[in-house]
Amino acid sequence: MKVSVKNKEPFQIKADAIVIPWAEGKKGLTAYREFISDIDDFEGKAYDTRVIYPPEGKTPYKKIIFVGVGKEEKIDREKIRGAFSRALQVARNHHVKTAVLDNSYNYEHMDRIKIAALALEGAILGHYRFLPYKTEREGFLPDVEEVIFVEPRRSQLNQLKEHLRETQVICEAVLFARDLISAPANDMTPTILGNKAKELAKKLERVKCRVLGREEIERLGMNAFLGVAKGSHEPPRFIIMEYKGGKSSESPVVLVGKGLTFDSGGISLKPAEKMEEMKSDMSGAAAVIATIKAIAELGWPINVVALVAATENLPGGSALKPGDVLKSYAGKTIEVINTDAEGRLTLADALSYAAEYKPSAIIDIATLTGACIVALGEQLIGLMGTDENLKSKIKEAADETGEFVWELPLWEPYEEQIKSDVADVKNTGGRPAGTITAGLFLRKFVGDFPWVHLDIAGCAWQNKDRPYIPKGAAGIGVRLLTHFLRIWRSS
Ligand code: BES
Ligand code: MN
Ligand code: ZN
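This structure is a prediction, so every number in the text was calculated from the model and none was measured.

Calculation criteria
Residues numbered from 1 in each chain as written. Chains lettered and ligands numbered in written order. Predicted model: local features only at pLDDT ≥ 70, side-chain atom pairs only at ≥ 80, totals over all residues. Heavy atoms only, no water. Donors = N, O, S within 2.8 Å, 3.2 Å for Na, K, Ca; no water. Axes fitted to C-alpha atoms, helices over the stretch in contact; angles between N-to-C directions. Helix = DSSP H or I, 4+ residues; strand = E, 2+ residues; numbered from the N terminus. Parallel < 35°, antiparallel > 145°, perpendicular 65-115°, else oblique. Left-handed = near helix turned anticlockwise from the far one by under 90°. Contact = heavy atoms within 4.5 Å. Nonpolar A, V, L, I, M, F, W, Y, C, P; charged D, E, K, R; others polar. Domains from an automatic or database assignment. Buried area = accessible area lost by both parts, 1.4 Å probe. Salt bridge = Lys/Arg side-chain N within 4 Å of Asp/Glu carboxyl O. Polar contact = N/O pair within 3.5 Å; in protein donor to acceptor, adjacent residues only side chain to side chain.

Caption draft 1: Main features of the coordination of the manganese ion (ligand 2). At 2.0 to 2.2 Å from the manganese ion (ligand 2) lie its protein donor atoms, namely Asp263 (OD), Asp340 (O), Asp340 (OD) and Glu342 (OE). Between consecutive donor residues of the manganese ion (ligand 2), the sequence gaps follow D-x76-D-x1-E. Separation of the manganese ion (ligand 2) from the zinc ion (ligand 3) amounts to 3.2 Å, with Asp263 serving as a shared donor to the pair.

In structure tokens, the structure reads:
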């Protein structure tokens, strides 16, 4: 989507349409009411839309798209993102190619620039479709090609442009993540994911990417990770992306993403129903790779590393079995109770490897537990961690981006549940508090560094359309991690 900024009043610009937000009861929020006739029967309920075709010559637009933002006192970032997302989807349905997005109002602490950025976020994220596998394109109308913002105050122009560019870069990284996740597992093997990371790194400045194969992973002794990979013919890959935007003496933030390109459960096979969704079990990996893309394109002065232990979890003849004991990279032994608790095995080794960087913080992001969906549903990320400062900065970023987190405790007494009779630890703690015992398991493999674990099992794949997240791969975590890095860098 092309984004342009014009130093004009909106009704001086030619475009197919203009999008105007409309608060309940308050009529248009726009400063340009003189140009539009009242539409008394439009209530302005959040995300409702109304398209009118103004008489020719009265405005420069063929269509005016009103979009509700709900009650004025309840307008927030999410409503603005959602409203503009819906408006742009409606615009597409009405064959609109170019649209002016009106941001000519103030709401509490949000100025016009902030509102423009939120509108653009909604427009880009809500417009996403995954079409590469559709050979019949009938019924799919082409996307809106260009959105236009107006800023009559010349002094504000550069600041607006800068904000919009940043928003666009970050949102395009989200779409990049969604593409990786949406791709079927036969076209998104660990090898292909590794190649995608390498291809991406080649296009970015100050990013180095190494992808380790089976032998190198064996040499490192990542046997927990390798245990998961045993049941598949697809070889595992350990993906390392390093972005050096800061001083070389500065310790990096290490991001670890769960990279199961398909999770069948292994010998502890999952039921068939919805198993196809397990192609999205690499959503954490997609998030950390896409975060590197965003910050490298923005050139932020910070050092960030992304690590992904990529593999499939399949029940082949040489697969991992319940009862097997694995010796992890850190040296701890793990008794495998359930081969479907594979994510934590791969993460254990990646988290221990993170210590090699002496990081200032470690954040892992993973579609880790079905229990997290039971506890928090599809709209909240489960957060656990060892460092108050790190946790509070992630929470701040969460509220800013609308990728909301909810903290769960790393409750010591539950460690009992993951004690093993034969090894140092076992990989499942039974049904009670399944998200927390997974977090407790991971903690054993994290060195003495500030660490946060994000369980995105509920949020990664959406089962129905949300205001600005179309059904399917959400690309969750990219905006959260990117905004977190902005906060971390400036502190
Ligand atoms: N990838 C799944 C978790 C998951 C389930 C993510 C549904 C998204 C939607 C994970 O590997 C898994 O299978 N976890 C098990 C752990 C259990 C065996 C302790 C689970 O949650 O059932
Ligand atoms: Mn599993
Ligand atoms: Zn999994």
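Next comes the rest of the write-up.
Caption draft 2: Geometry of the packing of helix 10 (residues 388–401) against helix 12 (residues 478–489). Between helix 10 and helix 12, the least distance of the axes is 8 Å, while the angle of their chain directions is 125°. As far as their axial angle goes, helix 12 and helix 10 are oblique. As helix 10 packs across helix 12, the resulting crossing turns out to be right-handed. Counted together, Asn389, Leu390, Lys393, Ile394, Glu396, Ala397, Ala398, Glu400 and Thr401 of helix 10 and Arg479, Leu480, His483, Phe484, Ile487 and Trp488 of helix 12 form the full contact between these two elements. Across the contact of helix 10 with helix 12, the residue classes break down as eight nonpolar, three polar and four charged.

Caption draft 3: Focus on the domain arrangement of the chain. If you check the domain split of the chain, you get domain 1 (2–155) and domain 2 (171–489). Look at where the C-alpha atoms of domain 1 and domain 2 centre, and you get two points 36 Å apart. Counting residues at the interface gives 16 residues for domain 1, matched by 19 residues for domain 2. Buried area between domain 1 and domain 2, both sides added, is near 1700 Å², and the carbon and sulfur share of it is 59%. Considering only the surface of domain 1 that becomes buried against domain 2, Glu78, Leu125 and Tyr128 emerge as the three largest contributors, covering 39% of it. Our count for the domain 1 to domain 2 interface comes out at three salt bridges. One salt bridge connects Arg479 with Glu121, and the closest N-O pair in it is separated by 2.5 Å. Summed over the shared surface of domain 1 and domain 2, the result is 13 residue pairs in polar contact (both at pLDDT 80 or more). Taken together, the elements giving at least two residues each to the side of domain 1 that touches domain 2 come down to helix 1 (77–93) and helix 2 (112–126). The residue inventory of the side of domain 1 that touches domain 2, partitioned by class, reads six nonpolar, four polar and six charged.

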